[in-house]
Amino acid sequence: MLFLVSVTPALAEEVSLHGFAQGNYAGRITGEELPGPEGGDFLLGEERFQIKLSGASEGSRFFLKSDFFRDAVFRKTETDLREAYLDYGGGFFDLRLGRQIITWGVGDLLFINDIFPKDYAAFFSGRPLEYLKIGSDAAKVDLFSNVVSAELVVIPFFQSDTLPAPERFFLFDPFPGLPRTAEEPRAEFENTELALRLYRSLFGFDTAVYAYKGFFRTSGMRPDSPLAPSRVNLFFPRLAVYGASGQGNALGGVTGLEAAYYDSLDDRSGRDPSIPNSMAKYLAGYQRQLLSDLTAGIQYYGEYLLDHGSYRETLPAGFPAQDRLRQLLTLRLTQFFRYQTLRLSLFAFYSPTDEDYYFIPEVRYSFTDALWGAVGANVFGGSKKTAPFGQLDKNDNVYVTTRYEF
Amino acid sequence: MKTIRDFRAIFLLVLSAAGLPDGAQATDAADIVRKSQAAFFEAGKDLQARIKMTLTTRDGQRRLRDLTMLRKNGPAGEQKYFIYFHGPADVAGTTFMVYKYPNRDDDRWLFIPAINLVNRIAARDSRSSFVGSDFTYEDVSGRDIVADTHTLLKEDQVDGRKVYLVESKPNRPAEYARKRAWIDQTTFLPLKEEYDDIQGALYKVFTADEIKEIQDLPTVMKRTMADVKTGHKTEVVFERVQYNVGIGDDLFSERYLRRPPEKWIK
């Protein structure tokens, strides 16, 4: 960070400053209130100010994006350094050093080869989409050629996903009330994560293959004693991912396919119930313009758990079991009105195997070029209170966002 | 290419000489439209322009779109477009790329900087508004010539300039049912266009408000599309137009979508 600041003035020929001021509020509409000081009806109540500072000179560039916010639910004022990086490059390679957001794959809100950190708590509580992604402190090298291009990401500092926490969300908890200690992979050479993407255009399709070696970003849970647990240890098992994707025009719309094999390195036999088994994940998506300013997108997603037999054998009694095949369907509808100043949208997840769903309807209006507002809802439900979306049933919320950009 | 066209001319001559239904006039009209598209959408080997769009509602509320457009012509009518948005603030830094093919769906990509995402966009939206303006994607990059049947109605004058008045009717249902274009006989630029809807009522009017020669190529520097029904209009001003600047093919790639080249987008 200091390095960034000190090198900046010398580099920059032209500096630009942008940002926004934003109000973002979300309230539970189920009438349920969590106990504790942070509980109550509100999931989110914050004012946020963001600055984006960038500058460029021959062959290099810096970018800084930082948020300052006041969170009324947690009663704290904080800074969140969203991104801060330096770019070098030109010719056959580019280099990006620092905190950066990386997005891979062709899924729409479904991530298979995008193994970079995400903030699901932000997403479920009605923050704008960009807050679903968390920056990685990484070095990224891009190599370009006519045959194939490569993107190699080296991440020395592990960053976990942010999941809904029991202080703010009603959740299924297999170990209710027990204290937890989290053990993140330390910044050591052998824990350095590596992610590689090779890509090129093939028959008009954007195709890519991916490889990753690192860790699951969602922790495993291991109680100190299986029979009378007094403490739960959260840890991040090792993971390798190998996958591919393709996206292009077909059938009068845009068609995408993506798949990956998740190799659970610390539990290849599938006999450790606290570590996810190896899995095959895949999706097929199709989006098309139905009418002027009306677009629809559908996706089918599957997650096939390997060694399901061993998993069922070793899963302690009373724990909810994951299906051998988890399936999800998604639908996205987007309609613009009034010269694209008014946008109605719906994103829906439905899982026939978990029997749960998650709907996000939203209305967004641009009052002027600088000011927009959105009202939307996060609606969860399902027949199983242990399923991914079903467990969030009591957290249905309505959110309001207004943003002034400059 | 020339031989084929010559051959067709002879073929048509033979047809009309034989007293068969005369297709010659329609072909002339299509030829005028072809020349007009070449002058309007394909001038030069490539183009770099800073473009300011002003969208005005009936009550006078204004919105601005500030962008840089890079365009490069390819073989056989193919084109590549690269658009960088300077403003408004909520889309600043967004890039948009199109590979345009004659007679098949375009490839379109959009880069959203906030989540560093490159995404394909469904392309069959020739009727859709370009960034909320009165211009459709087709109005920005051209419509397939064979999608319409063209007829030369008459020769006319607009502001003292000799023009062809060409009528184009879509062969398949489209946004408009009929379009009339007043095309300059010298420059082949459209000076005015009127669009009728399916009920036969006029709903959209295009005007070329200012034409300048840039590097000897007549260029529409200011144009307006007005929606007669809603009272909404979009005025587009081209600033700093340059032809044949030597844009490399590699610019139209994922690399530069994600990291727009400073040199080109200013």
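The model shown is predicted, which means the values in this text are computed figures rather than measured ones. (Residues numbered from 1 in each chain as written. Chains lettered and ligands numbered in written order. Predicted model: local features only at pLDDT ≥ 70, side-chain atom pairs only at ≥ 80, totals over all residues. Heavy atoms only, no water.)

## Side note on the confidence of the model for chain A
Do not read the fine detail of predicted coordinates wherever pLDDT is low. The line we're drawing: On a scale of 0 to 100, pLDDT captures the predictor's confidence in every residue. Whether two residues are in contact is decided by their heavy atoms: any pair within 4.5 Å suffices.
Taken as a whole, chain A shows an average pLDDT of 92; of its residues, 96% reach a score of 70 or greater. The model gives residues 1–11 of chain A a pLDDT under 50, and that stretch makes 15 contacts with residues more than four places away or in other chains.

## Notes on the packing of aromatic side chains
All names here are of chain A. Formally: Ring pairs shown here join Phe, Tyr and Trp side chains whose ring centres sit within 6.5 Å, with only the six-membered ring taken for Trp; geometry is labelled stacked below 30 degrees between planes, edge-to-face above 60, and tilted in between. Counting from the N terminus, the helices are DSSP H or I runs at least four residues long and the strands are E runs at least two residues long. Three exposure classes are used, based on accessible area relative to the maximum for each residue type with a 1.4 Å probe and protein chains only: buried under 20%, partly exposed in between, and exposed over 50%. The rule is short: NZ of Lys or CZ of Arg within 6 Å of the ring centre and within 35 degrees of the ring normal puts a charge over the ring.
All chains considered together, the criterion is met by 28 aromatic pairs over all chains. Seen from their ring centres, Y282 and Y300 are 6.1 Å apart, and the 45° between their planes marks the pair as tilted. With Y282 in strand β15 (residues 279–291) and Y300 in strand β16 (residues 294–305), the pair connects residues that are 18 residues apart, well separated along the chain. Judged by its relative accessible area of 29%, Y282 is partly exposed. Among the aromatic side chains, those forming a connected cluster through ring pairs are Y120, F123, F124, F347, F349, Y358, F380 and F389. Over the ring of F69 we find R48, and its NZ or CZ is 4.3 Å from the ring centre. For R222, the ring lying beneath its charged end belongs to F235, and the centroid distance is 4.3 Å.

## Concerning the sheet that holds strand β8 (residues 180–183) of chain A
Residues and elements named next belong to chain A. We count it as follows: A pair of strands is considered paired only if DSSP assigns at least 2 bridges between the two. Note on method: axes are straight lines fitted to C-alpha atoms, helices fitted across the in-contact stretch only, with angles between N-to-C directions ranging 0 to 180 degrees.
Reading across the sheet, the 3 strands line up as β8-β12-β11 and stay open at both edges, with mixed pairing between neighbours. Every interior strand has two partners, whereas the edge strands, β8 and β11 (220–223), have only one. Across this sheet, the average inter-strand angle for adjacent strands is 25°, counted without regard to direction. Bridge count for β11 against strand β12 (residues 232–235) is 4 bridges, and the pairing is antiparallel. When the bridges of β12 are listed, M221 appears paired with L234.

## Some words on a nonpolar patch on the surface
Our working rule: Grouping into patches uses exposed residues only, defined as over 30% relative accessible area, and leaves out salt-bridged ones; the cut-off is 9 Å for like charges and 5 Å for nonpolar side chains (Val, Leu, Ile, Met, Phe, Trp, Tyr). To be clear on the numbers: accessible area is Shrake-Rupley with a 1.4 Å probe, and residue cover counts the displayed protein chains and nothing else. A side-chain nitrogen of Lys or Arg and a carboxyl oxygen of Asp or Glu constitute a salt bridge if their distance falls within 4 Å.
Residues L17, F49, F68, F367, L371, Y404 and F406 of chain A make up a contiguous nonpolar surface patch of about 630 Å² in total accessible area. Here F49 of chain A is to be found in strand β2 (residues 42–57).

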